[in-house]
Amino acid sequence: MLKLKRKAIIISSVVAAFLLFSTLACVQQRSKGTGKKQSKQNVSSSEKQSTDPLLTDKQKAGTDSSGTGKPRTSQSVTAADSLRANLADSTQADSVAADTISSPDDLQNTVEYSAVDSTIMDAVLKQVHLYGSAEVNYGTINLKANYIRLNWVTNEVYAIGTYDSTAKKMAGEPIFQDGPETYNTKEIRYNFKSQKALIQGIVTQEGDGNIRGEKVKKDAEGNFYIRHSIYTTCNLTHPHYFINAPKIKMVNKKQVISGPFNLVISDVPLPIALPFGFFPFPKKKESGTSGIIVPTYGEEPNGRGFYLREGGYYFAINEYVNAIVTGQIYSSGSWGLGVASTYIKRYQYSGNFSFRFNKNKPSDEIDRLIGRGVTNDFSVVWSHSPKPRGNSQFSANVNVSSNSYNQLQAFDTERYTSNVASSSVQYNRTFGQYARAAASLRVNQNFGQMNAEGTRRENGKTNVSTDFSFGINQIAPFALKGGRGRWYESFRLGLDFSGNYALTNSLTAIDTSSARLGFQISNTVDTTRVGVTKVVPFNLNTLPDMLKDAQFTGRYSLPISLPNFKVLRFVNVTPSLSLQGEVFTKQYAYSVDTLTNKVRIDTLRQAGTEYSYNFGAGVNTRFYGTFFIRGRRLEAIRHTVIPSLSFTYTPDFTGDGFGFYQKINVRDREGEIKEYSLSRFRGIGQNVGNGRASSVVSFSLNNSFEMKLKSKSDTAAQQFEKVSLLDNLSLGGSYNLLADSLNLSNITVNANARIGRNLNLNFNMNLDPYAYEANPNILTNQVGYRVNKYAITAGQGLANLQNLGFTLGTSFAPKGSDKTKKPVVNGPTTDPANTATEEQREFIAQNPELYVDFNVPWTLSLNYNFGLTKPGLSRASLIQAVQATGDLSLSKNFKVSVSSGFDFVAFSPTITQLTLYRDLHCWDMSFSWTPFAGSSARMSNYSFTLKVKSAILQDLKVTRRRSFYDRSAY
């Protein structure tokens, strides 16, 4: 028994010693973890917790560890929760615990995880296994997959998809999102601390392109190192084309850099490889990335020789402004520079600007040596579109170029064949409810006609004018506080003032011959310029000559609206009163030399004004006539007539009391003294009025015809429907009661109608009621001059036809299509190519001709134009042509467009263009052919382009073209 007791005591001592040793070891181990590990847990999530808190959290979450649970489990656990509870219960702060609140190795965010199927926690290995639509969030990082494993010891997360035996493919593969960037992967391992990742099979979208690779490493700076990778802008699972590279480095949100690569199109690798590649990512808001623009090369067989064109640099200044600087050089010595920029300020304005300059040298060596044939071409294009806001608005539409620029430098047929251009810059502002002001600068150009050799345009005319205006809207002074219906309260009064300064290089001399004026002038006159228009180059050397002919004109008026009333219930009477005047910066003084009987004209630099006023009244009414047919459908035809008659009287302003005219007495050839009234402000040039009194009666007669048809449908809401036969048929003219001759003005006839549902007719005619007599000094085609005899009394018919023209046009399109509707470029669709930013939608709206609408199956437009011009006794000149324009969608993404016509006068086709468009998903194909350009100087031309849609790979294209500018001689 003693031995048994002794053995029991020994065993108890050993057990007690073992328990004491174990307790001391656990306390020592716990105190070591408290200094570092637990401080991590205080700011991290669901990692390195002790066994008891893990079990507690597991029980609280209600985890179904069997794998059959249905509810999603979601946890956001902080490891130091028990420590914080003990600190709350203690009365004194533990200095050791306070020192371990933070550590440089701590995670900076809470790790939150959830799963639909089950969440299994391994307390021994300190891992969490998430099954079924698992998701982990850490700061800006989000990871989704069918299976995710969290390791608290290594601070790593591992995700992979699961195999679906039914679909026989992997399901729920990892989707890793870091901020705005999303990466589709097959397998991923990510470390929260180092921010490094190891990925198997990645697909990510960067700008317009996407990158795919088999094995990827991600570093802490956000760079990706990808092996066995491809880069493409095609968003299909099996792309149409891609760039195949063994290695690719994707620099964080900046660019893609690849090693040696080759292009693969439709799974066919091209044998040509490049040593490296550089693909920048567009910056935010489409500002792009600065970089070099690779020039195009070729040869002009009959022109400037070999060339490098449109090479330069693109400056992505910021998200609102960019700039492109390009140049071109030719083997003959010709060169050119250009700068272009687009800008936008949201909700305020947008626009683009470009300036180009070219120095052209002839291809002939002798001409180059002597400096003959050298031309300087320039072009300025500026478009500024404001958004309607506030009380002021500035807009610009500038297209100014030298006369030969379009012919020698333009690349597109439409601009090449253009002979005119107009530009304007305008500013408008309103002040309150009544005042307004505006200013504008306008430039109108006519590039002239081709010379005898058909190589240059000559005698181009340029007109530059600046205008300003200020006005007060009409107000009712007798009804400022609201009218009561009295007749005088409709009286309204306003104010308009405008000024104009015009400059032109088309200098026209005034005809100062004695036959024209009735007297001789003593001033020196260049008689060789009489009746001849001199066109000088528009440059600084000829500026003094142009300034001599420049003219400033200021005008003002007082718009007045008088009350109208009715007579005999159906006749409207409208009285009128107007006051207008002009402001001049110089005056003329006339003196007569009694010895030579000649008139001297002196110019005085003295400002002055001239005004005039008139008053009158107008009457109009309306009556109808109905012709009953009572046919099967045609019930009746109604004729509407609107006659109007007005009278205007202007008093005589040649009296000395006004001071607008100066009277001189000159002896004629018979020796009789004749009195002339010469304008002090307008001189003696053309279109100078005599200031005499006038009494003008104006008349017009408007007609319209429409028919009344029975409705086809028995259930129609209306029994009859109206169909217009002739919208308007009008004629008008005027008669001056106080004129000494040619009292009746020309008679104008206009008509327009919509025939059927889709045929439009416009007609105009101008008739001269007076006779013409031939000028015996002109033997060739002459106009003659008007005499004070009616044509019908002189045996020249009822009237002389001056001009006549009409247009007949129609268009066809399938039902349900509306070309006026804007395409929905950002509607609900799964195709990313159909999405567009606000800036892109604005650009499309401003440049609709650059885009093809595949939604309309087909359209067809036909127009017939006829014009006849016959001034006086001259021979008539005709214009007669038919024009057809149409397009046809051969398939969903294949469209053909044709534009052609026939000139019956020249008996030859008009400019004919054939265009093919093909949308190849991630590629665009276009072919444009001009088989007939209208003249031998323009030649036939074509262009073929096959290019990638994305702007990132805009140089990945195939082009072939032959154009008129490649066959020009310089």
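Residues numbered from 1 in each chain as written. Predicted model: local features only at pLDDT ≥ 70, side-chain atom pairs only at ≥ 80, totals over all residues. Heavy atoms only, no water.

Chemist: Could you clarify how one ought to interpret the environment of alanine 794 in this entry?
Modeler: Secondary-structure assignment places alanine 794 in the loop between β51 (785-790) and β52 (800-812). Given the relative accessible area of 37%, alanine 794 is considered partly exposed. Sequence separation between alanine 794 and tyrosine 772 is 22 residues, and the spatial gap between their C-alpha atoms is 8.9 Å. (Helix = DSSP H or I, 4+ residues; strand = E, 2+ residues; numbered from the N terminus. Buried < 20%, exposed > 50% of the residue type's maximum accessible area, 1.4 Å probe, protein only.)

Chemist: Help me understand the sheet that holds strand β40 (residues 598-604), please; the structure alone is not making it clear to me.
Modeler: Sheets are built from strands that pair by backbone hydrogen bonding, the pairs being arranged parallel or antiparallel. The strand order across the open sheet built from three strands is β34-β40-β39, with neighbouring strands paired in mixed fashion. Of all the strands in the sheet, just β34 (520-521) and β39 (587-593) have a single pairing partner and so form its edges. As judged from the seven bridges shared by β39 and β40, these two strands associate in the antiparallel manner. Paired with tyrosine 588 across the bridge in β40 is threonine 603. (Pairing = 2+ DSSP bridges.)

Chemist: Is there a simple way to think about the pairing of strand β9 (residues 175-178) in this case?
Modeler: For a regular strand, side chains alternate in direction, first toward one face of the sheet and then toward the other. Across four bridges, strand β5 (residues 141-151) lies against β9 in antiparallel orientation. In the strand pairing of β9, leucine 143 is matched with phenylalanine 176. The sheet contact formed by β9 and strand β10 (residues 181-191) spans four bridges and is antiparallel. Counterpart to isoleucine 175 in the pairing with β10 is asparagine 184.

Chemist: I would appreciate a short explanation of the packing of aromatic side chains in the present structure.
Modeler: Here a ring pair, both rings aromatic, is described through the centre-centre distance and the interplanar angle of the planes. This structure, assessed with the given rule, holds 29 aromatic pairs. Aromatic pair tyrosine 241 and tryptophan 923: ring centres 5.2 Å apart, planes at 80 degrees, arrangement edge-to-face. Here tyrosine 241 is found in strand β14 (residues 241-251), whereas its partner tryptophan 923 is found in strand β58 (residues 923-932), with 682 residues between them in sequence. According to the relative accessible area criterion, tryptophan 923 is buried, its value standing at 10%. Here the aromatic rings of tyrosine 613 and phenylalanine 653 are separated by 5.3 Å at their centres, their planes lie at 90 degrees, and the arrangement is edge-to-face. Taken together, the residues tyrosine 613 in strand β41 (residues 608-620) and phenylalanine 653 in the loop between β43 (634-650) and β44 (661-667) connect sequence positions 40 residues apart. Judged by its relative accessible area of 31%, tyrosine 613 is partly exposed. An aromatic cluster of three or more residues is present, and its members are Tyr138, Phe176, Tyr183, Tyr190, Phe192 and Phe224. The ring of tyrosine 307 carries the charged tip of arginine 309 above its face, separated from the ring centre by 3.8 Å. (Phe/Tyr/Trp six-rings, centres within 6.5 Å; stacked < 30°, edge-to-face > 60°. Lys NZ or Arg CZ within 6 Å of the ring centre and 35° of its normal.)

Chemist: I'm lost on the pattern of salt bridges in this one. Help?
Modeler: When the charged atoms of two side chains lie near each other, side chains of opposite charge can form a pair. Considering all chains together, one arrives at 15 salt bridges under this definition. Close ionic contact of arginine 600 with aspartate 602 constitutes a salt bridge, the shortest N to O distance being 3.0 Å. (Salt bridge = Lys/Arg side-chain N within 4 Å of Asp/Glu carboxyl O.)

Chemist: What is the right way to read the nonpolar core from this model?
Modeler: The tendency in soluble globular proteins is for nonpolar side chains to be buried as a group. Counting residues in each nonpolar core, the largest one holds 45 residues, and the members touching the most others are Ile148, Leu150 and Tyr231. Setting aside its immediate chain neighbours within four residues, tyrosine 231 contacts Gly209, Asn210, Ile211, Phe242, Ile243, Ile248, Val256, Phe279, Ile952 and Leu953. Counting 12 residues, the second largest nonpolar core, distinct from the first, contains Leu517, Phe519, Ile601 and Ile684. (Core = buried A, V, L, I, M, F, W, Y, C linked by side-chain atoms within 4.5 Å. Contact = heavy atoms within 4.5 Å.)

Chemist: I would appreciate a short explanation of the pairing of β14 in the present structure.
Modeler: Two elements, strand β13 (residues 224-232) and β14, share seven bridges in a ladder whose sense is antiparallel. Paired with tyrosine 225 across the strands is lysine 249, a residue of β14. Pairing of β14 with strand β16 (residues 261-265), which is carried by four bridges, proceeds in the antiparallel orientation. From the neighbouring strand, isoleucine 243 faces β16, where its bridge partner is leucine 263. Pairing analysis gives four bridges linking β14 to strand β15 (residues 255-258), with the strands arranged antiparallel. Bridging across to β15, valine 251 finds its partner in glutamine 255.

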